[in-house]
Amino acid sequence: VIQASTFGVNNEEALATQAFAKKDSFAIYPNPASEVVNISVTANLIGQTATLYNAIGQKIYETVLSEQTQIQTSPFAKGIYLIKIGSDSKKLILR
């Protein structure tokens, strides 16, 4: 804590607050994957759509989310993909 009066700022409060926490979040595992990838979502994302894009931006798969969603990845080629849910996205590597 800086206690210098020349700054005129109270910096005793933490900058990391709940206001910065993401309300909509999801996890994908395993990553990298080979046959199956699991998507775990927060309650407010249940019922939304998860879309899988390949490296050149083509939509190759889409599914409606439950609390635990599983995607069979064995039909897809090895490579880097993007899973997008709402405005959030994560990279997925298929081996």
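Conventions used here
- Residues numbered from 1 in each chain as written.
- Predicted model: local features only at pLDDT ≥ 70, side-chain atom pairs only at ≥ 80, totals over all residues.
- Heavy atoms only, no water.
- Buried < 20%, exposed > 50% of the residue type's maximum accessible area, 1.4 Å probe, protein only.
- Helix = DSSP H or I, 4+ residues; strand = E, 2+ residues; numbered from the N terminus.
- Pairing = 2+ DSSP bridges.
- Axes fitted to C-alpha atoms, helices over the stretch in contact; angles between N-to-C directions.
- Contact = heavy atoms within 4.5 Å.
- Core = buried A, V, L, I, M, F, W, Y, C linked by side-chain atoms within 4.5 Å.

### A short note on the pairing of strand β1 (residues 26–29)
Part 1 of the reasoning: A one-sided burial pattern is seen for β1, the buried positions being Phe-26 and Ile-28 and the unburied ones Ala-27 and Tyr-29.
Part 2 of the reasoning: By the bridge criterion, four bridges tie β1 to strand β2 (residues 36–41) in an arrangement that is antiparallel. In the sheet register, Phe-26 faces β2, and the bridge partner there is Val-41.
Part 3 of the reasoning: Two successive antiparallel strands, β1 and β2, enclose a turn made up of six residues.

### A closer look at the sheet that holds β2
Part 1 of the reasoning: Ordered in space as β1-β2-β5, the three strands form an open sheet in which the pairing is antiparallel. The open sheet terminates on both sides in strands that have one partner only, identified here as β1 and β5 (68–72). Strand-to-strand twist across the sheet, computed as the mean angle between neighbouring axes with direction ignored, equals 20 degrees.

### Things to note about the environment of Leu-65
Part 1 of the reasoning: Tracing the backbone shows Leu-65 in the loop between β4 (59–64) and β5.
Part 2 of the reasoning: Sequence-wise, Leu-65 and Gly-47 are 18 residues apart; in three dimensions their C-alpha atoms are separated by 5.1 Å.
Part 3 of the reasoning: Discounting chain neighbours no more than four positions away, the residues touching Leu-65 are Ile-39, Val-41, Leu-45, Ile-46, Gly-47, Gln-48, Ala-50 and Ile-85.

### Points about the nonpolar core
Part 1 of the reasoning: Core analysis: the biggest nonpolar cluster contains 17 residues, and Phe-26, Ile-28, Ile-39, Val-41, Ile-83, Ile-85 and Leu-92 have the highest contact counts within it.
Part 2 of the reasoning: For this core, the secondary-structure elements that each account for two or more residues are β1, β2, β3 (49–53), β6 (79–85) and β7 (88–94).
Part 3 of the reasoning: Sequence-distant contacts of Leu-92, that is, excluding residues within four places in its chain, are made with Ile-28, Pro-30, Asn-31, Ala-33, Val-37, Leu-52, Gly-79, Ile-80, Tyr-81 and Ile-83.

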